[in-house]
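Commentary on secondary and tertiary structure
Each chain, letter by letter, is given below.
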Amino acid sequence: MDEAKKNNSNRINNLIAVVIFVIMAIGMVLPLIHTGKIAIDIDWWFHSSRVEQIYRNLKAGVPFTYIATSTFGKTGVGSFLFYPDAFMYIWALLRFIYSPVTAYYLWVGIIFFMTLTVSYFCMQSYAHRPLRSFIFAVLYTVAPYHLYLSPVNWVLGEFVAYAFLPLAFLGIYKILVGDARQWYLLACGIGLIFYCHILSVLLTGEIMAAFLIYRIIKEKGMELERWLALVKAGIVALILALPIIIPLITDFFGKGITGTYSGVRIVQQLGTITTDSIGNVATSGSIGLVLLLVILTGWKWVDHKSLEMPMYIAAVALLILASSVFPWESFNHTPLTILQLPVRYLSYSILFAAVVGSQGIVKILDTHFVFARAKVPVLMMAILAVAGTMSYFGSILPMTTKLQNRQINKPLMLNKLNPGQYQVLMNKVVTNANYQDQFAYWGSTGTADYYPTTVLKHGHFFDYTVSQPQQALTRDKPLNDLLLRKAYLNGKSLVVDPVADPNRLTYGIDLKHQSRVDLPVICYVHTTVKVNGQKVTPHLSSRGTVELNLAPGSYKVEVGYQPSKAYFIGLGIALISWVLMLIRVIFRRKIDHRAKH
């Protein structure tokens, strides 16, 4: 087949693959939509509360959300400033068209489609085989650990970041081994991961550093051209991430604000990872049966001189690193504690095992089929899509059973809390009818993230919400008072209920005496306060909230948040950089096309 016919055939196969991915993604979420239910637990409340706030703000005509004013207990917490939320806007926008349950599952379907498509085209750039690319995309997307992230669980930042790992590693491959002129792939991949999950950026960088060291040792150095490409990619990635980085610098680092919980919390036994993988069930320790077989047998059939061998070794090493075989307890007082869950390494083990596995499966198919005709790989794609979808539903069967079986889900149905009643949200089922009731609960994770450290006297909120949920309601009085919206007037407490507007809370206060007023809203560096329309500088109370000294009288106090000028400058620079990157990619493709012809 000549080059023109081959390129045309690839374009047709690529288009067909995308169409199949659309059908596949719809098929994966449609049965979940029909249940009309979401089985919720740890992590769900944090993300659903963020999306709900974004949706309400968008409905009010405000495009950017900085602080929580109608969710998270109206405490003004900056869960949107310090935890990326770019892709959550897709979910929020779907709320304008669909019911809450449908909007969530459609968002999951969009992320599935994005993962399938990105991984397919990344493998196409690497291997130039549509069939192998399709196999890789399916293996990578329906891997049980990925399904555990969502829809089985709600580790949604990592779930979205997972879609862009292939792009980032394609970029580092191009710099270290391939065409270094495509360094922009690495910049785009890291930039997109920044918009999803900051911890995934750190883990990705850690693994890329290992590949860089391996490359330098093996080749006894690296060409200047590749070093320059690596530096350019790093600089551009940071520029693209400026909207994420700047609020952390201005309002988080060194400002007495707590982050997500740190420390190694859950370490899976290697035996558990093995048995869960054999069962192909979507758990936090399952890579799936096919990829487990790849890891167990790859040493026999992977070409030791090929590029797949380092990836096979990485897949095995990262699987071991994700398990209790690695002595994680010995590192509990080191920077590695930011990892939280060693099983996060499974995302990367799955990525590299899927690269190797796709090659092995193609080799098997090549010995039995002739793929000269375009129809044959398309037929195989359709068969693989059906097999992948069946594997998906097998992996999430415990969840779908929970949603469909009334005897199981009826006792778990979320109840509306009475006024003055408080409860940690765990192991419930929500529907469109009771969806709004969840926001009166407290979340087992995320409730106290980005709160002042001064209100956490007994460790992180998560430390005891899981094992002793009811103690979380009483253990830390400063935290509980803040969550219960207790203000202090000259040291005496009273419950206040502010009027919530986008990025602004308004309190009505009547004072008979000169008073020191401590409001239950978190005071960040760029928190703004207006008293009767006049801008004032707030004081920082002992519990890290807004404090004012007011004379007798009636006051309308508005507490909001205004990002620094640096934030808007960084946002503008990032947007311009994305446009310039797109223009560069288009021109590079034209130049490459002319060079070939």
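See the structure shown above.
Here goes a summary of the coordinates provided. What you see is a predicted model, and the numbers here were worked out from it, not measured in a lab. (Residues numbered from 1 in each chain as written. Predicted model: local features only at pLDDT ≥ 70, side-chain atom pairs only at ≥ 80, totals over all residues. Heavy atoms only, no water.)

**Considering the overall build of the chain**
A count of helices and strands for the chain gives 22 helices and 14 strands. Scaling as 2.2 N^0.38, a compact globule of 597 residues should have a C-alpha radius of gyration of about 25 Å, and the chain matches this with 26 Å. Along the longest, intermediate and shortest principal axes, the C-alpha atoms of the chain span 90 × 60 × 50 Å. Residues counted as buried form 56% of the 597 residues belonging to the chain. (Helix = DSSP H or I, 4+ residues; strand = E, 2+ residues; numbered from the N terminus. Rg over C-alpha atoms; globule rule 2.2 N^0.38 Å. Buried < 20%, exposed > 50% of the residue type's maximum accessible area, 1.4 Å probe, protein only.)

**Some details on the pattern of salt bridges**
One pass over the full model with this rule turns up 15 salt bridges. The shortest N-O distance in the salt bridge between Lys-74 and Asp-497 comes to 3.0 Å. Of this pair, Lys-74 sits in the loop between helix 2 (44–59) and helix 3 (88–94) while Asp-497 sits in the loop between strand 6 (492–495) and strand 7 (499–501), and the two are 423 residues apart along the sequence. Classification of Lys-74 as buried rests on a relative accessible area of 18%. The exposed category is assigned to Asp-497, whose relative accessible area is 55%. Across the pair Glu-223 and Arg-215 runs a salt bridge whose closest N-O atoms are separated by 3.0 Å. On the basis of relative accessibility, which here comes to 42%, the residue Glu-223 falls in the partly exposed class. Overlapping salt bridges bring together Glu-52, Arg-56 and Arg-95 as one network. (Salt bridge = Lys/Arg side-chain N within 4 Å of Asp/Glu carboxyl O.)

**Thoughts on the side chain of Asp-251**
For Asp-251, the location among the structural elements is in helix 12 (residues 242–252). It is Lys-255 that comes nearest to the buried, bridge-free Asp-251 among opposite-charge side chains, at 7.0 Å. A polar contact is formed between the side chain of Asp-251 and the side chain of Tyr-561, at a distance of 3.1 Å. In this view, Asp-251 contacts Phe-82, Ile-257, Tyr-524, Val-525, His-526 and Tyr-561; residues no more than four positions away in its chain are not counted. (Lys, Arg positive; Asp, Glu negative; His and termini not counted. Polar contact = N/O pair within 3.5 Å; in protein donor to acceptor, adjacent residues only side chain to side chain. Contact = heavy atoms within 4.5 Å.)

**Details of the sheet that holds strand 7**
Strands sit in the order 7-8-14-10-11 across an open sheet of 5 strands; the sheet is antiparallel. Edge positions in the sheet fall to strand 7 and strand 11 (534–536), since each has one partner strand and no second. Between one strand axis and the next, the sheet turns through 30 degrees on average, direction left out of account. Examined bridge by bridge, strand 10 (residues 527–531) and strand 11 share 3 bridges and lie antiparallel to one another. The partner of Val-531 across the bridge, within strand 11, is Gln-534. (Pairing = 2+ DSSP bridges. Axes fitted to C-alpha atoms, helices over the stretch in contact; angles between N-to-C directions.)

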